[in-house]
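Listed below are the residues making up each chain.
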Amino acid sequence: MARRIRRIELLAPAKDLACGREAILHGADAVYIGAPKFGARAAAGNSLDDIRALCDFAHIYNVSIYVTLNTILRDDELKETERMIHQLYDAGVDALIVQDLGLTRLDLPPIALHASTQMDNCTPEKVAFLAQAGFEQVVLARELTLQEIRRIADATPKDVSLEAFVHGALCVSYSGRCYLSSALTGRSANRGACAQCCRLPYTMVDADGRTIARDKHLLSLRDMNRSDDLEAMIAAGVSSLKIEGRLKDVAYVKNVTAYYRQRLDEILARDPSLRQASDGRSTYTFEPRPEKSFNRGFTDYFLHGRTPDITSFDTPKSIGEPLGRASAIRGGGLLVDGTKPLHNGDGVVFFNPRGELEGFRVNRAEGRRIVAARMPAVKPGTLLYRNVDSAFEAVLAKPSAERRIAIDIVWSDTSDGFALTLTDTAGCGVTITRTFAAEPAVKPQGENIRTQLSRLGTTPFEAARVTVDMHENLFVPSSRLGEMRREAVDRLLSERLARRTRRRRRAESPTAVYPSSTVDYTANISNAKAEAFYRSHGVRTVERAYEEQPRAGVPLMFTRHCLRYSMGWCPVHQQGRSPFREPYYLLHEGTRLRLEFDCARCEMRVINEPTQP
């Protein structure tokens, strides 16, 4: 039996058209970008014209464009959304990433639908239901272990792809189940306006008011980096590897996309059952290094179970890469004990004795000595980090990648002229012929013909092999060769686009039954169409979204991050015993959050309570 070929997709973010183009050039198989409205990053909306331009560019390389339309919607927004989806389909968008299931009840074009991670896709039952409900790709919760992913994959139809995050910033709550921003600021994360209350400093106290931790970022996590686990994730059933970052700058997108492209290509080269999901090979002017882009330190985040390295309590800001230790202050400058080259303009940060992040910009680097206009007091032995590598950023500020599709070129003579055939790696080919006479040549012409036909310039193609098959040594003017080459390239581009099969939405099964007969406020139902969807699939009791009906005393955050575990007091994993009396609270400028611990689910819950006088 022939071995099933799996296409593996590297999915990169784009905040705008420029970022999207660079993601493609740096190796993305697919790009996700915000819709003009109703995306989970309200600040990352894009015009229809820009989305159309990105689709046109992407489809040259058989790269897919997914548009995020992943907020919950009010009834009065559904008609506008319906019109916009038709416009996105006409612009060439390959799929929509959605959260609101009410969209499935609109009059939509046959556009493919992906289930956003904000649907809380954590169980085999939920994912299998979404497949029956017409979704062709499901974005898994970030918190899942390899074993949990494997169980979901085993229960998912083979024609439905599983997408999982591999890199970037982490929401501390299960995505879609966080109402902290909505409750504290009126800005709903499910409406694309998260105020990131999780990145604030909190003081943790016990039931008696005793301080456990003061002014620490107790809900702030490190950033995800699963670059060492790509092969294991693919083996577990993941087909789309997703980089977070629709608000990140273009340098971040270039660097991180290129890094994961290289790591993924190493895996594809070893396993003939895996194949790249798009066409073309990227080459770079730099060595990709993810630690040189924005990061709060890295974690694999529960992929191998619970580990103590997920938090970023001291700062929610980027620390970048370890640089070395401060060894001495000399001549108004700081000596750095390390091996990494230092540059004028570098950004250097460190944690002071109070545990606060401080930083400075390097005015002058002289070997291992750095000088700043305002050098803070740095004790010898302090670990220094570089969160801006000015030389690296300067390289990324310039064109830093090319992407080429390999083609075979064959030049041959015919009975009354010549033929030129171009064939790409997918087997798509075109042949053009010209009728003209040619005189016998004195010098051999093969090398000149190969050189002229290989000059593919700024086209998306590169010549893998050029074959000259002529019965006689005939002179062909370079102008003729160039003219035929240009026409053949244009026709090959057109043929590639004509052959591209557009995805279509999966059919929804009317007999599909939702895994529960009851849904509460965490289902995020904010319109009648969404309620109708759930009721049509067997749900009898429906609560409206928190944003529509705020509730007192309910959990505002559900998270696998556990402060009892972080403090060493977990009764399950650490057999720890706390010297403090529960319940514990997080305090910040009049906000009082109570912590609950559900050991059966290995979760922590955060509940807003009025501040006591």
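Before any of the text, the structure's been laid out above.
Notes on the structure follow. For clarity, every value in this text was computed on a predicted model and none was experimentally measured.

Across three bridges, the pairing between strand β8 (residues 202–205) and strand β9 (residues 211–216) is antiparallel. The residue of β9 that forms the bridge with Val205 is Thr211. Taking the residues between adjacent antiparallel strands as the criterion, β8 and β9 are bridged by five residues, where Gly209 takes a positive phi near 85°.

The next point concerns the packing of helix α1 (residues 17–25) against helix α8 (residues 250–270). Interhelical geometry of α1 versus α8 gives an angle of 15° and a closest axis separation of 9 Å. By the criterion of interaxial angle, the relationship of α1 to α8 is roughly parallel. In this structure, α1 meets α8 at a crossing whose hand is right-handed. From α1, Ala18, Cys19, Glu22 and Ala23 reach across to α8, where they touch Val250, Val253, Lys254 and Thr257. Class assignment of the residues belonging to the contact of α1 with α8 gives a composition of five nonpolar, one polar and two charged.

Turning next to the pattern of salt bridges. One pass over the full model with this rule turns up 55 salt bridges. A salt bridge links Arg263 to Glu266; the nearest nitrogen and oxygen atoms lie 4.0 Å apart. With Arg263 and Glu266 both in helix α8 and three residues apart, this pair spans about one turn of that helix. What makes Glu266 partly exposed here is its relative accessible area of 44%. Between Arg404 and Glu402 there is a salt bridge, with its nearest N and O atoms 3.6 Å apart.

Every α-helix winds through 3.6 residues per turn, so residues three or four apart in the chain are directed the same way. Residues of α1 that are buried include every one of Cys19, Gly20, Glu22, Ala23, Ile24 and Leu25, and no others. For α1, the elements touching its buried residues are β1 (6–14), β2 (30–34), α2 (48–60), α8, β13 (281–284) and β22 (401–413). The residue sitting at the N-terminus of α1 and contributing the capping side-chain oxygen is Asp16; that oxygen lies 3.3 Å from the backbone nitrogen of Ala18.

Another point: the state of the cysteines. Within this structure, the stated rule accounts for zero disulfides. Cys198 provides the cysteine sulfur closest to Cys194, a residue in no disulfide bond, and the two sulfurs are 5.9 Å apart. Residue class for Cys194 comes out partly exposed when judged on its relative accessible area of 35%. For Cys599, which is in no disulfide, the shortest distance to another cysteine sulfur is to Cys570 and amounts to 6.0 Å.

Next up on the list: the sheet that holds strand β21 (residues 383–388). If you walk across this open sheet you meet the seven strands as β18-β17-β21-β15-β16-β20-β19, and the pairing is antiparallel. Edge positions in the sheet fall to β18 (357–361) and β19 (364–366), since each has one partner strand and no second. Adjacent strand axes in the sheet meet at a mean angle of 35°, parallel and antiparallel pairs treated alike. Bridge analysis of strand β15 (residues 321–330) against strand β16 (residues 333–337) gives five bridges, and the strand direction is antiparallel. Within β16, the residue paired with Ala328 across the bridge is Leu335.

So, on to the pairing of β13. Residues Ser282 and Tyr284 of β13 are buried on one face, while the alternating residues Arg281 and Thr283, pointing to the opposite face, are not. The pairing of β13 with β22 spans four bridges and is classified as antiparallel. Looking across to β22, one finds that Thr283 is bridged to Glu402.

Quick look at the nonpolar core now. Grouped together as the largest cluster of nonpolar side chains are 151 residues, with contacts concentrated most on Leu180 and Trp411. A total of eight residues in this core trace back to one element, the largest contributor, which is α8. The residues touching Trp411, leaving out its near neighbours within four places in the chain, are Phe418, Ala419, Leu420, Ile449, Leu453, Thr467, Val468, Asp469, Met470, Val476, Leu481 and Met484. In terms of nonpolar packing, the next biggest core, distinct from the first, is built from 13 residues, Ala326, Leu334, Val336 and Val378 among them.

Reading guide: rules and limits
Residues numbered from 1 in each chain as written. Predicted model: local features only at pLDDT ≥ 70, side-chain atom pairs only at ≥ 80, totals over all residues. Heavy atoms only, no water. Pairing = 2+ DSSP bridges. Helix = DSSP H or I, 4+ residues; strand = E, 2+ residues; numbered from the N terminus. Axes fitted to C-alpha atoms, helices over the stretch in contact; angles between N-to-C directions. Parallel < 35°, antiparallel > 145°, perpendicular 65-115°, else oblique. Left-handed = near helix turned anticlockwise from the far one by under 90°. Contact = heavy atoms within 4.5 Å. Nonpolar A, V, L, I, M, F, W, Y, C, P; charged D, E, K, R; others polar. Salt bridge = Lys/Arg side-chain N within 4 Å of Asp/Glu carboxyl O. Buried < 20%, exposed > 50% of the residue type's maximum accessible area, 1.4 Å probe, protein only. Polar contact = N/O pair within 3.5 Å; in protein donor to acceptor, adjacent residues only side chain to side chain. Disulfide = S-S within 2.5 Å. Core = buried A, V, L, I, M, F, W, Y, C linked by side-chain atoms within 4.5 Å.

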